[in-house]
Amino acid sequence: MARPDDEEGAAVAPGHPLAKGYLPLPRGAPAGKESVEPQNGPKAGTFPVNGAPRDSLAAASGVLGGPQTPLAPEEETQARLLPAGAGAETPGAESTPLPRTALSPRRFVVLLIFSLYSLVNAFQWIQYSIISNVFGGFYGVTLLRIDWLSMVYMLAYVPLIFPATWLLDTRGLRLTALLGSGLNCLGAWIKCGSVQQHLFWVTMLGQCLCSVAQVFILGLPSRIASVWFGPKEVSTACATAVLGNQVRTGVPGVVAGACSPSYSGAFKEKPRYPPSQAQAALQDSPPEEYSYKKSIRNLFKNIAFVLLLITYGIMTGAFYSVSTLLNQMILTHYEREEVNAGRIGLTLVVAGMVGSILCGLWLDYTKTYKQTTLIVYILSFIGMVIFTFTLDLGYIIIVFVTGGVLGFFMTGYLPLGFEFAVEITYPESEGTSSGLLNASAQIFGILFTLAQGKLTTDYNPKAGNIFLCVWMFIGIILTALIKSDLRRHNINIGITNVDVKAVPADSPTDQESKTVMLSTQSESAI
């Protein structure tokens, strides 16, 4: 994958040349075997990086600061990869230090800036549908045309996702973010000139520009988290970045702050040093070896990712549909409750913020990606069932409670899907995997919104919600079939052999007891 060249690479010991796309073999390798021949395909113990296999690193012959003692194969692999501090040499390989890793304080500024302008874009997505009856009356158009102001976001994403992810992979994070925020600002200004009853077409034009901007925004959370944040905070960072897109009820004052030119110097492409060994390994791959088309093919050959692509689309598409039609569902049973309909939408989002952050923290602590994803999926389904059968009871306070529960789990699922995808598709681009997930969500979102809207209009909101419940149940079954292969996590803890299985979800910290006991300096570096 293409990466900028401003990082310090790993030094290579004399006599151990580093072939393009490969990590060096340890001392003592047979002559002529320093690199794997790519035309023969990856050997056992190799890990492909963007189409080029990396030979698994062999072991250390001793422990730091102590006499050399034989190690088990798994321990050797871990001891070979685990860093012994910035610039320190790796045990058993003289003069062969690992790439330096460090956490940049700027990462929090980058995350804040992204969250702010993502928030503004998401606010414009839902601003019409949340009070669809008001805008329908103002412009003199049907509710379906108002719904299309929301669905155009989903429609624009599908054909534009491939050029957008190509731009992210080849031109970088900062340029993609600037393009997205610029288009978002332009669309907002155009809509400022549409506040007359005969200018609905101007509103649609501005909304179309904002929907194009969204394409350059939705795929960035997992990329920002991976490039800027370390292994123990990457999931929380992704959840925080996703929050900006979920806070659709943001105050207009945020717009000025998010679009301010003074931020242009703060949003950098990447930190000076990679934050994790997984990122450091990716930076060893020369840019010319990256193929965007091959990366796409690799993703669609990954059965686990294809299943996640479908399940993420179902869950997020259902969430988009509920968000778009929430006002219509509530006003069907509670007349003249437009204000409370907006407050219920706010409750759903605020509860989702809490759920998103808690899910991110839980993933960073346990690394139980599949189990957490499946549990949250089941709880979202239960929340949707409860919301469906309590909506018409006549007590709006119950809708507040059930809407909050629904938002907590459905929004909490979003960063789980992003992070799970990065884990099972590593070392493919985070932007490409998350972009495809979002494309799936937009497709399901359009279909679900049209189908649920039709059922709500022709029958009642309960019929439309039951339709979503059926699809969410299918999503639970497919999620249970996903094979959990935590590739990025394995690299970060020092396992490079693909035959070594991922850390069991029921005992996320068991692997720590198997790690070679290194010096205190090494442990702090981890």
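Residues numbered from 1 in each chain as written. Predicted model: local features only at pLDDT ≥ 70, side-chain atom pairs only at ≥ 80, totals over all residues. Heavy atoms only, no water.

Looking at an unreviewed UniProt entry, one finds the protein chain named FLVCR heme transporter 1, with Piliocolobus tephrosceles as its source organism.

Q: For the overall build of the protein chain, give the residues involved together with the corresponding values.
A: Scanning the protein chain from terminus to terminus reveals 20 helices and 2 strands. Taking all contacts inside the protein chain whose residues are at least 6 apart in sequence as the whole, residues at least 24 apart take part in 79%. Accessible surface, the protein chain as shown: approximately 21,400 Å² in total, 65% of it carbon and sulfur. (Helix = DSSP H or I, 4+ residues; strand = E, 2+ residues; numbered from the N terminus. Contact = heavy atoms within 4.5 Å. Areas by Shrake-Rupley, 256 points an atom, 1.4 Å probe, with all protein chains shown as cover.)

Q: Break down the nonpolar core for me, with residues and values.
A: Counting 93 residues, the largest nonpolar core has Leu-220, Phe-305, Leu-308 and Leu-437 as the members making the most contacts within it. Per element, the largest residue contribution to this core is 15 residues, and it comes from helix 12 (residues 303-333). Not counting residues up to four positions away in its chain, the partners in contact with Leu-437 are Phe-305, Leu-308, Leu-309, Tyr-312, Gly-417, Phe-418 and Ala-421. Core analysis: the next-biggest nonpolar cluster, separate from the first, contains 7 residues, Val-141, Ile-146, Leu-149 and Phe-200 among them. (Core = buried A, V, L, I, M, F, W, Y, C linked by side-chain atoms within 4.5 Å. Buried < 20%, exposed > 50% of the residue type's maximum accessible area, 1.4 Å probe, protein only.)

Q: Tell me about a nonpolar patch on the surface, residues and numbers included.
A: Residues Ile-375, Ile-378, Leu-379, Ile-382 and Ile-386 make up a contiguous nonpolar surface patch of roughly 390 Å² in combined accessible area. Here Leu-379 is to be found in helix 14 (residues 369-390). (Patch = residues over 30% accessible without salt bridge, like charges linked within 9 Å, V, L, I, M, F, W, Y side chains within 5 Å. Salt bridge = Lys/Arg side-chain N within 4 Å of Asp/Glu carboxyl O.)

Q: Can you break down helix 3 (residues 132-139) residue by residue, with the values?
A: Of all the residues in helix 3, the buried ones are Ser-132, Phe-135, Gly-136 and Tyr-139. In a view along the axis of helix 3, the buried residues occupy a sector of 105°, so they form one face of it. Where helix 3 is buried, its residues contact helix 4 (143-171), helix 6 (200-215) and helix 12. In the segment just after helix 3, Gly-140 is the residue with positive phi, at about 70°. (Arc of directions from axis to C-beta.)

Q: Tell me about the side chain of Asn-302, and please be specific about residues and values.
A: Following the sequence through the fold, Asn-302 ends up in the loop between helix 11 (292-301) and helix 12. Asn-302 gets classed as buried once you look at its relative accessible area, which sits at 13%. Polar contacts involving the side chain of Asn-302 include one to the main-chain amide nitrogen of Ala-304, which spans 3.2 Å. Look past the residues within four positions of Asn-302 in its chain and what remains in contact with it is Ile-424, Thr-425 and Arg-487. (Polar contact = N/O pair within 3.5 Å; in protein donor to acceptor, adjacent residues only side chain to side chain.)

Q: Provide a residue-level description of the packing of aromatic side chains, including the pertinent values.
A: All told, the structure shown has 17 aromatic pairs when counted by the stated rule. For the pair Phe-444 and Trp-471, a centre-to-centre distance of 6.3 Å together with 65° between the ring planes defines the contact as edge-to-face. Separated by 27 residues along the polypeptide, Phe-444 in helix 16 (residues 430-458) and Trp-471 in helix 17 (residues 461-480) bring together distant segments of the chain. Under the relative-accessibility criterion, Phe-444 is labelled buried at 17%. Among the aromatic side chains, those forming a connected cluster through ring pairs are Tyr-128, Phe-135, Phe-138, Tyr-139 and Phe-200. (Phe/Tyr/Trp six-rings, centres within 6.5 Å; stacked < 30°, edge-to-face > 60°.)

Q: Any chance you could break down the pattern of salt bridges for me, citing the residues and the numbers?
A: Under the definition given, this model contains 6 salt bridges. Residue Arg-223 is joined to Glu-430 by a salt bridge in which the shortest nitrogen-to-oxygen separation is 3.7 Å. In this pair, Arg-223 sits in helix 7 (residues 220-228) while Glu-430 sits in helix 16, placing the two residues 207 residues apart along the sequence. The class for Arg-223 is buried, based on a relative accessible area of 3%.

Q: So what's going on with the UniProt feature "transmembrane region" (unreviewed entry) in the protein chain? Residues and values would help.
A: Mapped onto the present numbering, the UniProt feature "transmembrane region" (unreviewed entry) falls at residues 108-128, 148-168, 303-322, 342-362, 374-391, 397-422, 434-451 and 463-482. Across residues 342-362, the secondary structure splits into 100% helix and 0% strand, with the terminal C-alpha atoms separated by 30 Å. Secondary structure over residues 397-422 splits into 100% helix and 0% strand, and the C-alpha atoms at its two ends are 39 Å apart. (UniProt positions renumbered as here; feature names shortened; annotations may be inferred.)

Q: Describe the environment of Val-141, with residues and values.
A: As for its position among the elements, Val-141 is in the loop between helix 3 and helix 4. C-alpha of Val-141 to C-alpha of Phe-200: the two residues are 59 residues apart in sequence and 8.6 Å apart in space. With near-sequence residues (within four places) excluded, Val-141 lies in contact with Gly-136, Ile-146 and Phe-200.

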